[in-house]
Amino acid sequence: MLNFLICGIGGKMGANLVSLLSGDQQAKVACGVDVKSGEMYGVPVFASFKDVNIKVDAVIDFSSPAVLDDEIAFCTKNCIPLVIGSTGYTQEQLQKIKDASSKTAVFKTANFSLGVNLMVELVKKAAKVLGEDFDIEIIERHHNQKVDAPSGTALMLADAANEVFEDKKPYVDGRSGQTGKRGREIGIHAVRGGTIVGEHEIMFAGEDEIISISHSARSKRVFAAGAIKAAKWIAGKKCGFFDMKDVLQNIIQ
């Protein structure tokens, strides 16, 4: 039985992870880290990684970039694989995550959904076929409590398309005022409202035709299920940087 530590266990994603793991035959929640320390869901919850005294096989993090330094120190010191589902990291923090993968296994993706990762592969193929003759626009929609914009998934889709163009297309977040004619950019637009879990659409607009690829998440459980799959997969690995392509390589060709 694998023992997982959930960072952000007191949040909505933490609740989904606990719910899914409650009947799991391969893994369980051993403890958590959260600002609300004490006990939750029948397991100990620590206020800091420095206080954790329970042996775990992997850390699943859906909390905040604010805990990153202590989290990395804990995982690298104890050689514990880290699964990161949080977004909103700075470039400096992203580099720290990459650097940590030389000391312990790190799994990071902007979206744990199987459907979204399939969408990424479709975007790459579309960009390759359509080329420079089609303008690329991305629209992402999330609930009114999301603190970062654009979403990590929107950037993942932009990067997937831009990979075909050797990362030469600049990103423009929304447009306002006299912007002039559209250039070679990839436009990214963020919508925030209500309780939208997550919707992403990428539009390829050419002369007299439009091709759209979209994905809509109806529950956060799809992300929790993907994170658990990733944690099981990465448990026991010593070091390296991984994402959903590694887990799903036999599914997505």
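Residues numbered from 1 in each chain as written. Predicted model: local features only at pLDDT ≥ 70, side-chain atom pairs only at ≥ 80, totals over all residues. Heavy atoms only, no water.

A.B. asks: Help me understand the packing of helix α1 (residues 12–21) against helix α6 (residues 221–234) in this model?
C.D. replies: The packing of two helices is summarised by the inter-axis angle and the distance between the axes. Relative orientation of the contacting elements α1 and α6 amounts to 60°, with a least axis distance of 9 Å. Relative to α6, the element α1 lies oblique. Two packed elements cross with a definite hand, and for α1 against α6 that hand is right-handed. Along the contact surface, α1 presents Met13, Asn16, Leu17, Ser19, Leu20 and Leu21, while α6 presents Arg221, Phe223, Ala224, Ala225, Ala227 and Ile228. (Axes fitted to C-alpha atoms, helices over the stretch in contact; angles between N-to-C directions. Helix = DSSP H or I, 4+ residues; strand = E, 2+ residues; numbered from the N terminus. Parallel < 35°, antiparallel > 145°, perpendicular 65-115°, else oblique. Left-handed = near helix turned anticlockwise from the far one by under 90°. Contact = heavy atoms within 4.5 Å.)

A.B. asks: What is the right way to read the packing of aromatic side chains from this model?
C.D. replies: Two numbers describe a pair of aromatic rings. These are the distance of the centres and the angle of the planes. With the rule as written, the count across this model stands at five aromatic pairs. Consider the rings of Phe49 and Phe74, whose centres lie 5.3 Å apart with planes at 40°: the pair is tilted. Highlighted residues: Phe49 in the loop between β4 (43–46) and β5 (58–61) and Phe74 in helix α2 (residues 68–78), separated in sequence by 25 residues. Overall, the relative accessible area of 10% leaves Phe74 in the buried class. A centroid spacing of 5.1 Å and a plane angle of 80° characterise the contact between Trp233 and Phe242, whose relative ring orientation is edge-to-face. Given the relative accessible area of 26%, Trp233 is considered partly exposed. (Phe/Tyr/Trp six-rings, centres within 6.5 Å; stacked < 30°, edge-to-face > 60°. Buried < 20%, exposed > 50% of the residue type's maximum accessible area, 1.4 Å probe, protein only.)

A.B. asks: Can you help me understand α6 in this one?
C.D. replies: Each α-helix winds once per 3.6 residues, and so residues spaced three or four apart point in a common direction. Under the 1.5 Å per step criterion, the end-to-end length of α6 is 20 Å for 14 residues, consistent within 8% with the ideal 20 Å. In the segment just after α6, Gly236 is the residue with positive phi, at about 95°. (Expected span 1.5 Å × (residues − 1).)

A.B. asks: Explanation requested: the pattern of salt bridges in the structure shown.
C.D. replies: Two side chains of opposite charge can pair, provided their charged atoms sit close to one another. Applying the stated criterion across every chain, the model contains 16 salt bridges. Between Lys232 and Asp24 there is a salt bridge, with the nearest N and O atoms lying 2.7 Å from each other. Pair noted here: Lys232 is in helix α6 and Asp24 is in the loop between α1 and β2 (27–33), with a separation of 208 residues, a long-range link. We classify Asp24 as buried; its relative accessible area is 18%. With its nearest N and O atoms 2.9 Å apart, the salt bridge here joins Glu137 to Arg175. Residue Glu137 is found in strand β8 (residues 135–142), and its partner Arg175 is found in the loop between β9 (171–173) and β10 (186–192); the two are separated by 38 residues along the sequence. For Glu137, a relative accessible area of 9% puts it in the buried group. For Arg175, a relative accessible area of 36% gives the class partly exposed. (Salt bridge = Lys/Arg side-chain N within 4 Å of Asp/Glu carboxyl O.)

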